[in-house]
Amino acid sequence: MSGFQIEGITKDQLDKIHHASIKILSTTGIKIESEEAAEIFHGAGSEVNKKNDGYIVKIPPSVVDDCTQLAPERFVLYGRDPKHDHIVEPGSSCFTLFGENIYVNDLYTLEHRICTKNDLGEATRLADSLGEFAIIEKCLGSQDKPAETQSLHNYEAMVSNTSKHVLHGFFSGRNSKKIIEMAAACVGGMENFLKRPCVTTTVCPTSPLTLVKNCCDVIIACARSGVGICSITMPLSGTTAPVTIAGTLIVQNAELLGSLVLTQLTSKNTPFIYGSVGTIMDLKIGSPAVAAPECGVLNVGTAKMAQYYGIPSWCGSGVSGSKLMDVQAAYEFTTNTAIALLAGSNVVYGCGSIESGLTFDFAKLVLDAEQLKKLHWVKNGMDVSEETMALETIQHVGPGGEYLTSPHTLQHMRSMSQNDLFDCMERDAWANKVGGKGIVERAYEKARFLIENHKPMALPEGAATVMKATIKECEST
Amino acid sequence: MIDKSIIEETAEVLIKANKDRAIEIAKNFLNGGGNPIDLMEEGFIPGINATGDLFGRGKLFLPELIQAAEIMKEVTDIINEALTGGVDEKKERGTIIVATVQGDVHDIGKCIVVSLMQANGFTVHDLGRDVATETIIETALEVNADIIGTSALLTTTMPRQKDLEDALKSEGLKNRIKTVVGGAPVTPRWASRIGANAYAKNAQDGIVKIKELLGIK
């Protein structure tokens, strides 16, 4: 199998970005806003100096090199259900949902409103039912729950509705410990959890060049408990990073390497995913241009830098600036998602979201899934083998014959790409079979059907009670 | 009244970020015996308004707006110095405290708001990100602020905006200091629920609301 891929950046260019980032880390340093993290860096030979509300940490190149060696190239993102185990390794790719929506288009009324824990449960159930999503990111927040314990509510809503691997931000050191306890209850105890951790935390370095306290606390708490770290930086060229892509790549690389070093110094070989949802700031309106072509090019840089270090990558790509489920949303999703996928990103992130990542839309998730199936098909490329060359069949059919009834067709037709909602029927059939409805309307119908009918794998007995008690305990202290 | 050519040139030097020429215009005018208040009101304030307007219409880039705001600040200092009797022109336009609330580390939007406020001639104290309610109030009292503007990007940090309202009320400062709230998840409903004086949906709207609150046309 050949497969399609984008190179986009040369080995020499990657070397330059790497050396520049190492120079930044060892001479300018990064700001660490946690005393405990600063001590960990110091213990490994970094120069640490107190500055205002944090520490400037200068990391020697040798420490960065050692830590990139320690981070595994291949690991498993375990599902609660082993059939959903997803192997992350060079060449593998998967898709997941955009993570931080705060509004939702209501599933039934389509009203644009603040999202709730119930919405998160339903969106997760929908993603659980869609085969294109191998792992499930928290796509919206339980905005009806208190800030301090919201991440616990988020986890409860998600794990109750999916048996796939879950990713979400644990928010604080304390919540990290509590979520790990909750996750353990959902897989039959801590011993099982440590063998097959079914959750990964996301953390965000703050551009430029800062790891805030909660980011450090979550990295330390999770690495110590055997939970993987997905570090996602969000540089905005022209504001929190240089206006040029190469400069942005250097800043984000330094931030990601900083969080990687903290992860590996806390606990060797902890799974670490190298992620970015960077893009440019539109300097005429002062808003992030989430679907700019620069985002696509930056994603190529992100995927290739991760490959350079032999660690898995995560590219934020599919978000649209459109407020509606419309043509803009579709164009913007497809372009940058295809680029990230073909650049070899191991996790392509951003499905189900419009309005620059503020609004989750159920129909968008369904349609993104259908488009992803096609993109994945393209990435796999063509197989040129004796069987696929079909020489004997061509000779047998000969000039003027037909292939419709050939055994070779019967044998291989199921591997052809197939449409579900996207439609290429002739007009009358379209009018009769789907009542001439547009694709967005049909996507909402499919979303409603799946949410109402899909049965996620049940939690083990007692797990729901443990989770409720954990949340209650945290809310009363 | 000041010369029409000066009025035109003040706008041009701000838009083109020609700091040296802006200072030269101010000094020449003042050395020639011109009235500092005329220079401000007829020259530089309309100039900076025109700059803000061009930004609003997508004709200028944000960094250009920031440069104009910085030049405006220098020119304002020169004009203030020239004013006899120490009347603080800036003070008349209002003093504003701006901060991203505690727990929130996202502040790029707030930085844009600050530039626009400066461009509009307000005195702005930017306290940065992740700022505790007590620090906001202490600084507001210290600099005798007219308005406190806070932003929150996360719904988890929005309650800190309510904390600020509650603290201002309990310390009896609500009549003295007005509040504006903003940030991606913040809504007009949230603003009225917590008792904020205004909601700003973006930086431009923030300026409109501040002017309304301060009674500036």
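Bear in mind that the values here come from a model prediction, so they are computed numbers and not experimental data.

### Observations regarding a nonpolar patch on the surface
A surface patch of nonpolar side chains, amounting to about 330 Å² of accessible area, comprises A:M382, A:V384 and A:M389. Inspection of the secondary structure puts A:M382 in the loop between α12 (362-380) and α13 (386-389).

### Some remarks on the packing of aromatic side chains
All names here are of chain A. By the definition in use, this model includes 5 aromatic pairs over all chains. Measuring from centroid to centroid gives 6.4 Å for Y274 and Y309, while their planes differ by 50 degrees, and the two rings are tilted. Within this pair, whereas Y274 is found in strand β15 (residues 272-276), its partner Y309 is found in helix α10 (residues 293-309), the two being separated by 35 residues in sequence. Y309 carries the same exposure label as Y274, and that label is buried.

### Observations concerning the interface of chain A and chain B
Chain A puts 22 residues into the contact, and the matching count from chain B is 16 residues. Between chain A and chain B lies a buried interface of about 1500 Å² when both sides are counted; carbon and sulfur atoms form 66% of it. Among the residues of chain A in contact with chain B, A:A147, A:L283 and A:K284 are the three that bury the most area, contributing 35% of the side total. Connecting chain A to chain B are 1 salt bridge. Where B:R160 meets A:E148, a salt bridge forms, and the shortest distance between an N and an O atom there is 3.7 Å. Per-class residue counts for the side of chain A that touches chain B are 11 nonpolar, 7 polar and 4 charged.

### Notes on the side chain of A:D81
All names here are of chain A. Within the secondary structure layout, D81 lies in the loop between β4 (75-77) and β5 (86-88). In this structure D81 comes out as buried when scored by relative accessible area, which is 15%. Not counting residues within four places of it along the chain, the set of residues in contact with D81 comprises S163, R196 and M457.

### A few points about the sheet that holds strand β2 (residues 47-51) of chain A
Residue and element names in this part refer to chain A. The strand order β2-β3-β1-β12 describes an open sheet built from 4 strands, whose pairing is mixed. The sheet is open, and its two borders are formed by β2 and β12 (210-211), each paired with just one other strand. Here strand β1 (residues 30-32) runs beside strand β3 (residues 54-58); their pairing, made up of 3 bridges, is antiparallel. Residue pairing in the sheet places I32 in a bridge with Y55 of β3. Lying on the sheet, helix α1 (residues 11-28) is in contact with β1 and β3; it crosses β3 at an angle near 125 degrees.

### With respect to the pairing of strand β1 (residues 95-100) of chain B
Residue and element names in this part refer to chain B. Burial within β1 is extensive, with 6 of its 6 residues counted as buried. Here β1 shows a buried face lined by T95, I97 and A99 and a second buried face lined by I96, V98 and T100. Both β1 and strand β2 (residues 123-126) contribute to a ladder of 4 bridges, which runs parallel. Within β2, the position partnered with T95 by the bridge is T123. Taken together, the 5 bridges between β1 and strand β3 (residues 147-151) define a ladder with parallel strand orientation. By the bridge assignment, I96 is partnered in β3 with I147.

### Some remarks on the packing of helix α4 (residues 117-129) of chain A against α12(A)
Residue and element names in this part refer to chain A. Viewed as axis vectors pointing N to C, α4 and α12 meet at an angle of 15 degrees, and their least axial separation amounts to 11 Å. Overall, the two elements α4 and α12 adopt an arrangement that is roughly parallel. Between α4 and α12 lies a crossing whose hand is right-handed. Across the interface between the two elements, D119, E122, A123, L126 and A127 of α4 pack against F362, L365 and V366 of α12.

### Here's the deal with helix α6 (residues 173-185) of chain A
Residues and elements named next belong to chain A. Its 13 residues give α6 an end-to-end C-alpha distance of 19 Å, which sits within 8% of 18 Å, the value for a rise of 1.5 Å per residue. With 10 of 13 residues buried, α6 lies mostly within the body of the structure. Every buried residue belonging to α6 is among G173, N175, S176, K178, I179, I180, M182, A183, A184 and A185, and all of these are buried. Buried residues along α6 sit in contact with α5 (150-159), β10 (165-168), α7 (190-195), β11 (199-203), α8 (213-224) and α18 (463-476).

### Side note on the environment of A:I354
Residues and elements named next belong to chain A. Mapped onto the elements of the fold, I354 is located in strand β20 (residues 353-354). By relative accessible area, I354 is classed as buried at 0%. For I354 and K323, which are 31 residues apart along the polypeptide, the C-alpha to C-alpha distance reads 6.0 Å. Ignoring sequence-local partners within four residues, the contact set of I354 consists of N101, N105, S320, S322, K323, L324, M325, A329, T359, D361 and K364.

### Examining the packing of helix α3 (residues 36-56) of chain B against helix α4 (residues 62-82) of chain B
All names here are of chain B. Taken N-terminus to C-terminus, the directions of α3 and α4 make an angle of 170 degrees; their axes are 11 Å apart at the nearest point. Between α3 and α4, the crossing angle belongs to the class labelled roughly antiparallel. Between α3 and α4, the contacting residues are P36, L39, M40, F44, I45, I48, T51, G52 and F55 on the first element and L62, L65, A68, A69, M72, V75, T76, I79 and A82 on the second. Residues of the contact of α3 with α4, tallied by class, amount to 15 nonpolar, 3 polar and no charged.

### Digging into the sheet that holds strand β13 (residues 229-233) of chain A
Strands pair in a sheet through their backbones, by hydrogen bonds, and they do so in one of two ways: parallel or antiparallel. Residue and element names in this part refer to chain A. An order of β6-β19-β18-β15-β13-β11-β10-β9 is seen for the 8 strands of this open sheet, with the pairing classed as parallel. Either end of the sheet is taken by a strand with one partner, and the two such strands are β6 (94-97) and β9 (135-137). Averaged over all neighbouring strand pairs, the angle between strand axes comes to 25 degrees, with direction disregarded. Here helix α11 (residues 327-342) sits on the sheet in contact with β6, β18 (313-316) and β19 (347-351), set at roughly 170 degrees to β19.

### Digging into the confidence of the model for chain B
Predicted coordinates in regions of low pLDDT should not be interpreted in detail. All names here are of chain B. Of the residues in chain B, 91% have a pLDDT of 70 or more, and the chain-wide mean is 85. In this model, residues 85-91 is a region of pLDDT below 50 whose contacts with residues beyond four sequence positions or in other chains number 15 contacts. For this predicted complex, the interface confidence score (ipTM) comes to 0.75, while the overall pTM stands at 0.86.

The rules behind these values
Residues numbered from 1 in each chain as written. Chains lettered and ligands numbered in written order. Predicted model: local features only at pLDDT ≥ 70, side-chain atom pairs only at ≥ 80, totals over all residues. Heavy atoms only, no water. Patch = residues over 30% accessible without salt bridge, like charges linked within 9 Å, V, L, I, M, F, W, Y side chains within 5 Å. Areas by Shrake-Rupley, 256 points an atom, 1.4 Å probe, with all protein chains shown as cover. Salt bridge = Lys/Arg side-chain N within 4 Å of Asp/Glu carboxyl O. Helix = DSSP H or I, 4+ residues; strand = E, 2+ residues; numbered from the N terminus. Phe/Tyr/Trp six-rings, centres within 6.5 Å; stacked < 30°, edge-to-face > 60°. Buried < 20%, exposed > 50% of the residue type's maximum accessible area, 1.4 Å probe, protein only. Contact = heavy atoms within 4.5 Å. Buried area = accessible area lost by both parts, 1.4 Å probe. Nonpolar A, V, L, I, M, F, W, Y, C, P; charged D, E, K, R; others polar. Pairing = 2+ DSSP bridges. Axes fitted to C-alpha atoms, helices over the stretch in contact; angles between N-to-C directions. Parallel < 35°, antiparallel > 145°, perpendicular 65-115°, else oblique. Left-handed = near helix turned anticlockwise from the far one by under 90°. Expected span 1.5 Å × (residues − 1). pLDDT = per-residue confidence, 0-100.

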